[in-house]
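Per-entry structural report
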Amino acid sequence: MGDEDGYFGERVAAAYDEESAEMFEPDVVDATADVLAGLAGGGRALELGIGTGRIALQLARRGVPVHGIDLSRAMVARLRAKPGGDAIGVTIGDFATTRVDGTFSVAYLVFNTIMNLTTQEAQVACFRNVAAHLEPGGCFVIEVHVPELRRLPPGQNVVPFHVSPTRWAFDIYDAATQATSSNYIEVVDGRGRYTSIPFRYVWPAELDLMARIAGMTLVERWADWSREPFTSASRKHISVWRKMSTTPHV
């Protein structure tokens, strides 16, 4: 990775909204923003990995002051170009460690963004960083897929998730290290182009332990933004941890 914007440089940013169009559907965005606005309770919200502003813009329209952290200047440029985007404060940096001024009543990482941190150490650091920004009683919200290892037959480590005449996409899993990657092959003007983005998948119980290390405790876990119960069949979860009044010694 040689791009200062990480894996979300200009080429990815230019097509991000279009290629993630289902996540920009009004019912998806409104359901997410409604929950987060309720948790903000009139306070400030901190978005880690603010990207092109899919959620932040909707929160701002609901009257929630939002500040974002993102490594990718290319993604943030798309946010700035949207109506209201220039009014949202953004700090450029690694959201696992970058600090901003003030405290927040809610912080959030949505659309699997916690997996952009590709080591357990970085994910733990992220929880600690969030805890440092939250006011007592503030909440940290993560939306992330449950690892789909059950879809892997013995001896297979690849799960395809998109197939078309001009685009193929598949995830590769390493169960020993929890390393995974999303891989894309696209045919543009008769030429193939390959992109691979690394992630680290993480289990709900592992996230709970990270939260406890950082002085937070689980208060809610749903299967979706409509607050359907999380079960063993759920393919993703929305988890809410609350910052405790005292931080444990670890």
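Below you will find a few notes about this structure. (Residues numbered from 1 in each chain as written. Predicted model: local features only at pLDDT ≥ 70, side-chain atom pairs only at ≥ 80, totals over all residues. Heavy atoms only, no water.)

1. Topic: the pairing of strand 1 (residues 45-48)
Remark: a regular strand shows side chains that alternate across the two faces of the sheet. Residue alternation in strand 1 divides its side chains into two sets, Ala45 and Glu47 and Leu46 and Leu48, and both sets are buried. Judged from the four bridges that link them, strand 1 and strand 2 (residues 66-70) form a sheet pairing that is parallel. The partner of Glu47 across the bridge, within strand 2, is Gly68. Read as a crossover between parallel neighbours, the route from strand 1 over helix 3 (residues 56-61) to strand 2 is right-handed. Bridge analysis of strand 1 against strand 4 (residues 104-109) gives three bridges, and the strand direction is parallel. Note on strand 4: the bridge partner recorded for Glu47 is Tyr108. (Buried < 20%, exposed > 50% of the residue type's maximum accessible area, 1.4 Å probe, protein only. Helix = DSSP H or I, 4+ residues; strand = E, 2+ residues; numbered from the N terminus. Pairing = 2+ DSSP bridges. Right-handed = clockwise from strand over helix to strand, strands pointing away.)

2. Side note on the environment of Gly6
Relative to the assigned elements, Gly6 resides in the segment before helix 1 (10-19). Judged by its relative accessible area of 10%, Gly6 is buried. Gly6 sits 65 residues away from Leu71 along the chain, and the two C-alpha atoms are 6.9 Å apart.

3. A few points about the sheet that holds strand 9 (residues 191-200)
In spatial order, the strands read 6-7-8-9; together these four strands make up an open sheet with antiparallel pairing. Each having just a single partner strand, strand 6 (158-163) and strand 9 make up the two edges of the open sheet. Averaged over all pairs of adjacent strands, the angle between strand axes in this sheet comes to 15 degrees, irrespective of strand direction. Direction of pairing for strand 8 (residues 179-188) relative to strand 9: antiparallel, over a ladder of ten bridges. Note that in strand 9 the partner of Tyr184 across the bridge is Thr195. (Axes fitted to C-alpha atoms, helices over the stretch in contact; angles between N-to-C directions.)

4. Focus on the pairing of strand 8
Here eight bridges tie strand 7 (residues 167-174) to strand 8, and the two strands are oriented antiparallel to one another. Each bridged residue has a counterpart across the sheet, and for Asp174 the counterpart in strand 8 is Ala179. Counted along the chain from strand 7 to the antiparallel partner strand 8, the turn is four residues long, and its residue Gln178 has a positive phi close to 65 degrees. Between the antiparallel neighbours strand 8 and strand 9 lie two residues, among them Asp189 with a positive phi of about 55 degrees.

5. Examining the sheet that holds strand 10 (residues 216-222)
Working definition: the strands of a sheet are paired by backbone hydrogen bonds and lie parallel or antiparallel to each other. Strand order in the open sheet formed by seven strands is 3-2-1-4-5-11-10, and the pairing between neighbours is mixed. Among the strands making up the open sheet, the edge pair consists of strand 3 (89-92) and strand 10. Strand after strand, the sheet turns through a mean of 20 degrees between neighbouring axes, direction not considered. Sitting on the sheet, helix 2 (residues 26-40) is in contact with strand 4, strand 5 (134-145), strand 10 and strand 11 (236-243), with an inclination near 150 degrees to strand 4. Running over the sheet, helix 5 (residues 120-133) touches strand 1, strand 4, strand 5, strand 10 and strand 11 and is turned about 145 degrees from strand 5. (Contact = heavy atoms within 4.5 Å.)

6. Focus: the packing of helix 1 against helix 4 (residues 73-80)
With their axes 8 Å apart at the nearest point, helix 1 and helix 4 run at an angle of 35 degrees to one another. Crossing angle aside, the handedness with which helix 1 passes helix 4 is right-handed. Facing helix 1, whose interface residues are Glu10, Ala13, Ala14 and Tyr16, helix 4 presents Ala74, Met75 and Arg78. Looking at side-chain class alone, the contact of helix 1 with helix 4 contains five nonpolar, no polar and two charged residues. (Left-handed = near helix turned anticlockwise from the far one by under 90°. Nonpolar A, V, L, I, M, F, W, Y, C, P; charged D, E, K, R; others polar.)

7. So, unusual backbone geometry
Negative phi values dominate among residues other than glycine, just as trans dominates among peptide bonds. Within the chain, Asp189 stands out as a residue other than glycine whose phi angle is a positive 55 degrees. Mapped onto the elements of the fold, Asp189 is located in the loop between strand 8 and strand 9. Assessed through its relative accessible area of 78%, Asp189 is described here as exposed. Positive phi outside glycine occurs at Arg227, with the angle close to 70 degrees. Along the chain, Arg227 turns up in the loop between strand 10 and strand 11. On the basis of relative accessibility, which here comes to 47%, the residue Arg227 falls in the partly exposed class.

8. A look at the pattern of salt bridges
Pairing between side chains of opposite charge can happen when their charged atoms approach one another. According to the stated counting rule, one finds twelve salt bridges in the structure shown. For Lys236, the salt bridge is made with Glu143, and the minimal N-O distance between the two is 2.7 Å. A residue pair is termed long-range when its members are at least 10 positions apart, and Lys236 in strand 11 and Glu143 in strand 5 qualify at 93 residues. On the basis of relative accessibility, which here comes to 4%, the residue Glu143 falls in the buried class. Between Arg151 and Glu148 there is a salt bridge whose closest N-O contact spans 3.1 Å. Salt bridges here are not isolated pairs; linked through shared partners, they connect Glu19, Arg167, Glu186 and Arg193. (Salt bridge = Lys/Arg side-chain N within 4 Å of Asp/Glu carboxyl O.)

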